[in-house]
Amino acid sequence: MAVAAMMCVQLGLALTVGLIDQLGAGGTGWLRLCWAAALLLVLVRPRPAYFTRSALLTCALLGVVTAGVTLLFMAALQRLPLGTAAALEFLGPLGVAVVRGGGRRWVWPIVAAVGVGLLTQPWRGEVDLVGVGFALAAACCWAAYIVLTQRAGAEVQGVRALAVSMPVAALVATAVAGPSTMPLLTWDLVVAGLGLAVLLPVCPFVLELLALRRLSVTTFGTLMALEPAFAVVIGLVVLGQVPGPLAALGVGCVVAAGVGAERTDTPTPTVPPLLVTAIN
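In this text the structure is predicted, and so the values were computed from the model without any measurement. (Residues numbered from 1 in each chain as written. Predicted model: local features only at pLDDT ≥ 70, side-chain atom pairs only at ≥ 80, totals over all residues. Heavy atoms only, no water.)

Undergrad: Looking at this structure, how should I read the overall build of the chain?
TA: Looking only at helices and strands, the chain features eleven helices and zero strands. The proportion of buried residues among the 280 residues of the chain is 50%. In the chain, of all internal contacts separated by at least 6 residues, the share reaching a separation of at least 24 is 89%. Carbon together with sulfur atoms contributes 70% to the accessible area of the chain, which is approximately 12200 Å² in total. (Helix = DSSP H or I, 4+ residues; strand = E, 2+ residues; numbered from the N terminus. Buried < 20%, exposed > 50% of the residue type's maximum accessible area, 1.4 Å probe, protein only. Contact = heavy atoms within 4.5 Å. Areas by Shrake-Rupley, 256 points an atom, 1.4 Å probe, with all protein chains shown as cover.)

See below:
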């Protein structure tokens, strides 16, 4: 089920590429966030009584970060192959795991740095530096998302935080991309956005919830570290994006660093990973 959740995430992102061609990166991120917010409001139906003022503030900040990671990753996806963008974005949670970890945690940033070098290959001068910048900015937002979700998880029961943060993210995205995107919308694009919102985050949400009932958090986190590899596979099968040998090795280094950092992570209150898939 955890593997199926990752496949849903990456398949949803791959199908998003076609929507980016019609609505642009910002417009695509905006449409998905709006539909995801609507679906979560209907499914979870949060009530003000469930939240303290501090919890609402945390959820609002979470929404801002959610909008940031979504819009920035869409912009990166417009310029980079799916596998490369996903691997660079994964440096965010990897960084959090390294900071929290113990033992030989210094090894994993080195492995990840080697992976980034192999992915971008700056010596060839062909990499889209703007796309890399967007992906790394998305990684920073993802790291902030994890920290804020840990805080929200201590204040809000279940997934109610997500039902507040996602609408806030939709509002932020509306301010950024809504006015320029609305004139481009057709009913076909609106329905396509709904389908993508079901594929990501609703399906991964359900699958990860079921997986977490059967797996330890460490095991689940280790599986999640394989996500950049799944991105490469989906990019190859769905988008025809064939990574070169060095790029494939770079993704392998990032995955290895993620698995290693997760396995050496010190026991701390952990965010339900099901909340993390909703932000891409």
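Right, picking up where we left off after that structure.
Undergrad: Please explain helix α6 (residues 129–155) as it appears in this structure.
TA: Three- or four-residue spacings in an α-helix give side chains the same orientation, since the helix completes a turn every 3.6 residues. A rise of 1.5 Å per residue sets the reference length of α6, with its 27 residues, at 39 Å; its end C-alpha atoms lie 39 Å apart and thus fit the reference within 8%. One side-chain oxygen of the residue at the start of α6 lies 3.1 Å from the amide nitrogen of valine 130, identifying that residue as aspartate 128. (Expected span 1.5 Å × (residues − 1). Polar contact = N/O pair within 3.5 Å; in protein donor to acceptor, adjacent residues only side chain to side chain.)

Undergrad: What is the right way to look at the packing of helix α3 (residues 82–89) against helix α4 (residues 91–100) in this model?
TA: Between two packed helices, both the angle of their axes relative to each other and the distance between the axes serve to describe the pair. Interaxial distance between α3 and α4 falls to 5 Å at its minimum, and their mutual angle equals 25°. By the angle between their directions, the pair α3 and α4 is classed as roughly parallel. Between α3, through Ala87, Leu88 and Glu89, and α4, the contact on the second element is made entirely by Leu91, Gly92 and Pro93. (Axes fitted to C-alpha atoms, helices over the stretch in contact; angles between N-to-C directions. Parallel < 35°, antiparallel > 145°, perpendicular 65-115°, else oblique.)

Undergrad: What exactly am I supposed to notice about the side chain of threonine 16 here?
TA: Looking at the secondary structure, you find threonine 16 in helix α1 (residues 2–44). Judged by relative accessible area, threonine 16 falls into the buried class, the value being 0%. There is a polar contact of 2.7 Å between the side chain of threonine 16 and the backbone oxygen of glycine 12. Those residues in contact with threonine 16 that lie beyond four places of it in its chain are Thr28, Arg32, Met74 and Leu196.

Undergrad: What is the right way to read the environment of valine 98 from this model?
TA: Secondary-structure assignment places valine 98 in helix α4. Taking relative accessible area as the criterion, valine 98 reaches 13% and is therefore assigned buried.

Undergrad: Would you take a moment to explain the confidence of the model for the chain for this structure?
TA: The predicted structure's coordinates, where accompanied by low pLDDT, should not be read in detail. Residue-level pLDDT values for the chain average 83, and 88% of them are 70 or greater. Confidence over residues 267–276 falls short of pLDDT 50; this stretch has 21 contacts with residues more than four positions distant or in other chains. (pLDDT = per-residue confidence, 0-100.)

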